[in-house]
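# Examining the three-dimensional arrangement
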Amino acid sequence: MNGRGGFGGWRPALREARTGWPVLVVLAGLSVVLTVATLLWPPVFDDLSTKELGRRLASAQADGPLVTARATLRAPRDFSGASTAPQFGTVDSDLSRVGEELRQGASGELAHALVRVSGWAESSGLELSGAGVARPHGNAGSVSLVYAQDAADRVRWVGGRAPGRPDAAKEAPIELALSRRGLERFGLAVGQQVLLSGPTGATGALVVGEFEPLDGADRLWRQLPLLNEPLDAAVPSGYVRYGQAMVAPAGLEALEARGSLSVAATWTFGVAEQPWGSGGTAAGVRDLVAGARGFTRAAVDRVCGEIVSDAMPCSAGVRTVTPPQVQQRLSVVVERFAEQRARTVSLQSFALAGLLAIGVSTAVAAARLGARRREGALALQRARGAGEPALAAVRLLEAVPAVLAGVLVGRLVSGSLVGERPLGGWWPAVAAAVLVAGAPAAAVWWLGRAARRAGREPVRRRGVRRVRGLSGRLAVEAAVLVLAGAGVLQLRLRGAVPPGTAEPDPQLALVPVVLGLAAVVVLLRVYPVPLRALTGWARRRRGTVALVGLSQAGRRSAAAATALLVLVPALSCAVFGALVSGTVRHGRLEAAEWRTGGDAVVLGPSQRPLPLEELAKVPGVGGVLPVRGGVAALTSDEDGAVVKGVGLVGVDQAVLAGLEPGSPVAAALSAAGLSAPLVAGAELPALADARTAARFPDGSFDADAGASRFRVRIVGVLPAGAERDRAIGPVVGEVGGGPLLVFGGPAAERLPKQTGQRNAAVLFSAPGRPGSVAGAQRIDGARLRAVVAASAATAGAGGAGAAGGAVLRGAPVEVRDLAGELADSADDGLVAALELAFRTAAAVGLLLGLAAVVLELLLGSAERGRMLAYLRTLGLGARAAAGVQLVQLLPVMAAAVIGGTVLGLGLPWLLGPALELRAFTAGPGAPAFAPDWASIAAAALALLVLVPCAAALEGVTGRRRVPQLLRLGEGAQ
């Protein structure tokens, strides 16, 4: 050496690097794996998240458009206010111009998501009369003339032709086309002339065509249901049949020439996530929500400018348009997606952190192997005066180029696989690379420390001096345990991170990793106890295989630390992933059953009655349970306290008990005696949830339900988990989330009909049996939807249809069946991405565990080989020698399986409220933990198989390095 503390120059360092190249190759490979995992993790998940967002947007639009704009198009006039109608060929262009200007009001991610805009214009209702025209219910029918821009591609002409331009603007009949059901219900035929009468007078019309929808489930017929089939609605004089007729743009332009002042215009926007879009990323989700919320104002500003008023209409080509009224459900859909996405990223960060920790632990195992193989050379260098810092620096200089090369290769591989999406953050990859590069230096320092301690004379110390002389291992172990306890305590006090905060959650990612280290610390302290007991048991038996194997395992118990440091986190990650996966899937199953109530459910606006009698006649339906819903603010008589957002649920307990005999809500309502008749103006008795009942025992309240006010009295407490009763689940899901009151008998019938709230008709295929997929399949779904479509509940105000009326009130008609709900719950892309993350981490972790076990076996291969050669010399057979090696591994395998399984199953209890899974299920509460035992067993079995495979692999590779038999003069050690 050149001097005390030196390392001898670069040439000796390079020579040592050449001798230690296998360890450097392992470190470089680990750097590649960890870098690829870190950089690819976010873009791969963002791609899966974007696909899931697109699926959810498509699914949400099945219930109606997510973004809708409505306005009034006013007839063309000159500067003096005189009508310039007709302006043929301008309605379509004006609709397109306004729709495109509205769409251009979007910015950012919303501008990419609004992929389509289409509009339609509709006249007010016109009285239909003429020779042979039916007068259903004794009243003339009412028909609105509709021009829809995208209707031509969605119909099949089965008679006549499509409407065209009238021969004369003010005299010739306007050409109409009706559906087959429309012609039948109005008593019309192709070629028939009729008279249309309205506020501006009467005009002739000619039926020129009959059409059928190409697809009855197409969005056009959901938005304009009366165009496909007329409906009857109640009026003071009885009933009036409302319908819609299709016209060409010229039909509405001719109507303007005959005195019509305006038509109602509607634009619907198709929302879709592009494959190349970034709506599934954290920034994209935030931008999409902000754009959807601000679109109402931005779209109007785009069409009308900053000054907007009804008195000064906006320009729409040759016409003017009132300021559009924009409604959107997009922000609600995306916000729910964003909440679940945030929870997914938080849990995935734990899987990634666990994978990085396993990789670093494997690097430690490789570094220990390299240091032990250089033990002689290192001892010689120390004897020549080399200091520990210099020796560690040499190992660091060796490792840094290899690790840096691995990081660069990982970066190139990640860039080639990810495409144009941005890679993940660099700091986890850099942190892992630093730890991997520092592992050889730390191993050399630790080996030198052990050598120094072994060379010292043992000194007996007492009192404070003895405490001060405790080993550094105890200090490190105590620090790990204290850090793990502090992390768990802080997580439990903090709870789940609120939606919208930064992601991923570093604390939720790191605390389980520290818990894994703590579990290894505990295992290493407990490990010798059962091992000594087993060794004592083996001594009392006649065989030598168990005794020798267990004795060797006991002698090398300290060497098991590295293997456990890799295997325990790997298995705990797999077990925890299986627990989360099983819990989420079971919770989504329960949530689907709760959302459906029975085998199927029909939800409709509170103001309009559901066709209960017709639903009961649908083939396959064995019973119908009506459930009413509402929301009110309660003012207590006792202290004047106001409780807002109280959910109101009304149900007939007798019917409920007949259909669901085991319902706890039915039993509680019956026990409370809520079937007694009520006089006019009496207080409505109800059962309250436990928290509300404890706050207001026997309380009476003034209930404010918007347009209605009534009196409520709490007469009892709902049983625990009443909100989970699946029979009333569909309505509880609509009004739940806060305090809950359940009314029975006559009180349920007196609940007010609230705007924006929905009632439910829960359908059972067989009374007395809970809903099931088989029961749902027995119900005729097509007939069920036809009955709902023909009911008064689907008709909007003034016959505007479900999209025009019920959707505007925020209470669309919806049909759910259990089979469909279960199918939707099984197709969640975020849940699949979460499962993929944990499975990937577990698989890579177990493979790295295999590598760590091989390295640990190689570390003691010479000592173990010489011991076996000694036993072979004494007459031990080959099969018995293999048995000794297997028995030597059994304690480590058992400790890893027990420790990893217990830690994985105990993590939910340790993390407490920080582990929020309700966002994945959307059920009535946090789902109960339900581990996927098959996946847990598969992970444990994989570990039990991999460890013997590692032993076999090490045995094959190390066979030539150790003697099979000892020569004369050789010892076993």
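Here is what the cut-offs are and how they apply
- Residues numbered from 1 in each chain as written.
- Predicted model: local features only at pLDDT ≥ 70, side-chain atom pairs only at ≥ 80, totals over all residues.
- Heavy atoms only, no water.
- Helix = DSSP H or I, 4+ residues; strand = E, 2+ residues; numbered from the N terminus.
- Buried < 20%, exposed > 50% of the residue type's maximum accessible area, 1.4 Å probe, protein only.
- Contact = heavy atoms within 4.5 Å.
- Areas by Shrake-Rupley, 256 points an atom, 1.4 Å probe, with all protein chains shown as cover.
- Salt bridge = Lys/Arg side-chain N within 4 Å of Asp/Glu carboxyl O.
- Disulfide = S-S within 2.5 Å.
- Pairing = 2+ DSSP bridges.
- Patch = residues over 30% accessible without salt bridge, like charges linked within 9 Å, V, L, I, M, F, W, Y side chains within 5 Å.
- Axes fitted to C-alpha atoms, helices over the stretch in contact; angles between N-to-C directions.
- Parallel < 35°, antiparallel > 145°, perpendicular 65-115°, else oblique.
- Nonpolar A, V, L, I, M, F, W, Y, C, P; charged D, E, K, R; others polar.
- Phe/Tyr/Trp six-rings, centres within 6.5 Å; stacked < 30°, edge-to-face > 60°.
- Core = buried A, V, L, I, M, F, W, Y, C linked by side-chain atoms within 4.5 Å.
- Expected span 1.5 Å × (residues − 1).
- Bend = angle between axes of the 7 residues up to and from the residue.
- Polar contact = N/O pair within 3.5 Å; in protein donor to acceptor, adjacent residues only side chain to side chain.
- pLDDT = per-residue confidence, 0-100.

### As for the overall build of the protein
When its secondary structure is counted, the protein shows 34 helices and 23 strands. Relative to its full complement of 973 residues, the protein shows a buried share of 52%. Once local pairs closer than 6 in sequence are excluded, the contacts in the protein between residues at least 24 apart make up 82%. Total accessible area computed for the protein in this model is approximately 42,900 Å², and 59% of it derives from carbon and sulfur atoms.

### Here we look at the pattern of salt bridges
The final tally for this structure, using the stated rule, is 30 salt bridges. Here R711 makes a salt bridge to D702, at a shortest N to O gap of 2.8 Å. Note on R711: relative accessible area 24%, which makes it partly exposed. Each of E52, R55, R56, R588 and D828 takes part in one network of salt bridges that share partners.

### Points about the state of the cysteines
The final tally for this structure, using the stated rule, is 1 disulfide. Paired by a disulfide, C304 and C314 hold their sulfur atoms 1.7 Å apart. In this structure, the disulfide formed by C304 and C314 twists by about 100 degrees around the S-S bond and is classed as right-handed. Linking C304 in helix 9 (residues 282-304) with C314 in strand 12 (residues 314-316), this pair joins segments that are 10 residues apart in sequence. For C304, a relative accessible area of 15% gives the class buried.

### Some remarks on the pairing of strand 11 (residues 262-271)
Of all 10 residues that make up strand 11, 8 are buried, and the element is covered over most of its length. The pairing of strand 1 (residues 67-74) with strand 11 spans 8 bridges and is classified as antiparallel. Opposite A69, over in strand 11, you have W267 as the bridge partner. Two strands pair when backbone bridges link them, and strand 2 (residues 114-122) and strand 11 are joined in this way by 8 bridges, in the antiparallel orientation. Bridged to R116 within strand 11 is G270.

### Comments concerning a nonpolar patch on the surface
Nonpolar side chains collect at one region of the surface, where L396, V400, L404 and L408 lie side by side and expose about 340 Å² of accessible area between them. Looking at the element boundaries, V400 is found in helix 12 (residues 388-418). With relative accessibility at 39%, the residue V400 sits in the partly exposed group.

### A closer look at the packing of helix 16 (residues 506-526) against helix 17 (residues 528-539)
Running from N to C, helix 16 and helix 17 point in directions that differ by 30 degrees, and their axes come no closer than 5 Å. On the basis of the axis angle, helix 16 is roughly parallel to helix 17. Touching L524, R525 and V526 of helix 16 are P528, V529 and P530, all from helix 17. Classifying every residue of the contact of helix 16 with helix 17 by side-chain character gives 5 nonpolar, no polar and 1 charged.

### Here's the deal with the packing of aromatic side chains
A full pass over the atoms with the stated rule returns 6 aromatic pairs. Taken together, a centroid distance of 5.9 Å and an interplanar angle of 80 degrees make the contact between W157 and F211 edge-to-face. With W157 in strand 5 (residues 155-160) and F211 in strand 8 (residues 201-213), this residue pair connects regions lying 54 residues apart in the sequence. The class for W157 is partly exposed, based on a relative accessible area of 31%. Overall, the relative accessible area of 0% leaves F211 in the buried class. Ring centres of F350 and F838 lie 5.9 Å apart, and the angle between their planes is 55 degrees; on these two criteria the pair is classed as tilted. Of this pair, F350 sits in helix 10 (residues 330-373) while F838 sits in helix 30 (residues 829-859); the two residues are 488 residues apart in sequence, bridging distant segments of the chain. When sorted by exposure, F350 lands in the same class as F838, which is buried.

### Remarks on the nonpolar core
Grouped together as the largest cluster of nonpolar side chains are 96 residues, with contacts concentrated most on L27, L347, L515, L564, F576, F838 and L943. Those residues in contact with L515 that lie beyond four places of it in its chain are A484, V488, L903, L907 and L910. Counting residues in each nonpolar core, the second largest holds 63 residues, with A205, V207, A254 and L330 among its members.

### Let's talk about the environment of G620
Among the structural elements, G620 can be located in the loop between helix 20 (612-616) and strand 16 (623-636). Accessibility expressed as a relative area gives 31% for G620, which makes it partly exposed. In the structure, G620 is positioned 159 residues away from I779 in sequence and 4.1 Å away in space, judged by C-alpha atoms.

### A closer look at the pairing of strand 8
Sheet analysis places strand 5 next to strand 8, joined by 5 bridges and oriented antiparallel. Pairing of R156 across the sheet is with E212, part of strand 8. When strand 6 (residues 174-179) meets strand 8, the two strands line up parallel, connected through 6 bridges. Pairing of A177 across the sheet is with G209, part of strand 8. Relative to strand 8, strand 7 (residues 193-198) is paired through 6 bridges, and the arrangement is antiparallel. Opposite G198, over in strand 8, you have G201 as the bridge partner.

### Looking at helix 2 (residues 21-60)
Each full turn of the α-helix corresponds to 3.6 residues, which orients residues three or four apart in the same direction. Between the first and last C-alpha of helix 2 there are 58 Å, a value that for 40 residues agrees with the 58 Å anticipated at 1.5 Å per step. The largest bend along helix 2 measures about 40 degrees and falls at L40, with the proline P42 one to four residues further on.

### Focus: the side chain of D725
Tracing the backbone shows D725 in the loop between strand 20 (709-717) and helix 24 (729-735). Of note is the side chain of D725, whose polar atom sits 3.0 Å from the backbone nitrogen of A727.

### Notes on the confidence of the model for the protein
On average, the protein scores 79 in pLDDT, and the residues at 70 or more come to 83%. Per-residue pLDDT stays below 50 along residues 796-810; that stretch engages in 41 contacts with residues further than four places along the chain or on separate chains. Scored below 50 in pLDDT, residues 960-973 shows 31 contacts in the model against residues more than four places distant or in partner chains.

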